[in-house]
Amino acid sequence: MKVAIFGQYYQNDTRPIIKDIFVFFNKNNVELVIEEKFLEILYKEEIVGKKYNTFASHKDLDSSFDILISIGGDGTILKAATFVRDSGIPILGVNAGRLGFLAKVQKEKIEVFLQIVLERKYTISERTMLSMQCPDIDINFAMNEIAVSRKATTSMITIETFLNGEYLNSYWADGLIISTPTGSTGYSLSCGGPILTPDVKGLVITPIAPHNLNARPLVIPDDTEIKLKVSGREEEYLVSLDSRITSISNNSELIIKKTPFTIKMVEIPEETFLKTLRTKLLWGQDKRN
């Protein structure tokens, strides 16, 4: 088995987790290839001492890899997706963060879950990705959401929205979120959007603090082409693709649609999406249940 490892180091939390992962894979003679910058941190912190091969970009990952292990939280997985891209390499998230819906492996059961990975007893969840036509963005896809928002002003912006060429609405708001099912438990949820299970073939349009209170979140088919035209008092507004942010000129048109590829997330039998919802959102915690 050949495993790529990417992560983020938090001094108080991840040291034991990282050590457990490396010990397990080395004990089972698994070939490890570590993201270059992450390995530098591990050497500096003296968490590992052995020499490893490294990868630095998506070009270094190919079909010879069986899986990519992401050590951190959901944000780390979103960054890991920029390495995997359309290679088809499955991602398994080891949770070293707090609230997270993507990082399924909890630190208390690392060895149990890694054994499942070693024996290939996991399933794959295909996650929809979004792309945006924009020449100023190097990585023009997102796993969670694409969002437009005001930049250096307290004034709202106007977002004219078209679905497959037909006019939908002009949102007068702080911004607008176009979310995948994966991202429906993220930024969109905090703005009042609905939760979609990962297998739903849909997208969510969620306004951010709309001036008109009747502007509600909308679920649309995931094969819809979305066109946005943003205007406001400032010369530029912000566009974010997951955690990557850029400035776009006022009145520019954005075309957003589903990518031709998906990201493959590893699903562990004991850590289902519904169980994660109950745990993270404290569903069923009422004593009356």
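Please refer to the structure higher up on the page.
Residues numbered from 1 in each chain as written. Predicted model: local features only at pLDDT ≥ 70, side-chain atom pairs only at ≥ 80, totals over all residues. Heavy atoms only, no water.

## Here we look at the sheet that holds strand β11 (residues 157–163)
The strand order across the open sheet built from six strands is β9-β8-β19-β16-β11-β12, with neighbouring strands paired in antiparallel fashion. Looking at the sheet topology across the chains shown, the edges are occupied by β9 (141–142) and β12 (166–173). Where β11 lies against β12, seven bridges are found, and the strand directions are antiparallel. For F162, the partnering residue across the bridge sits in β12 and is Y167. (Pairing = 2+ DSSP bridges. Helix = DSSP H or I, 4+ residues; strand = E, 2+ residues; numbered from the N terminus.)

## A few points about helix α1 (residues 14–27)
With 14 residues, α1 should cover 20 Å at 1.5 Å per step; its first-to-last C-alpha distance of 20 Å lies within 8% of that length. Along α1, the residues classified as buried are T14, I17, I18, I21, F22, F24 and F25. All buried residues of α1 project into a common sector of 165° when viewed along the axis, lining one side. Facing away from the buried side of α1, by more than 90 degrees, are the exposed residues V23 and K27. Residues of α1 that are buried sit in contact with β1 (2–7), β2 (31–35), α2 (36–44), β4 (67–72), β5 (91–95) and α4 (110–118). Note on α1: the residue one or two positions beyond its end, N29, has a positive phi of about 55°. (Expected span 1.5 Å × (residues − 1). Buried < 20%, exposed > 50% of the residue type's maximum accessible area, 1.4 Å probe, protein only. Arc of directions from axis to C-beta. Contact = heavy atoms within 4.5 Å.)

Honestly, that's just the spatial picture; any functional story needs more than this.
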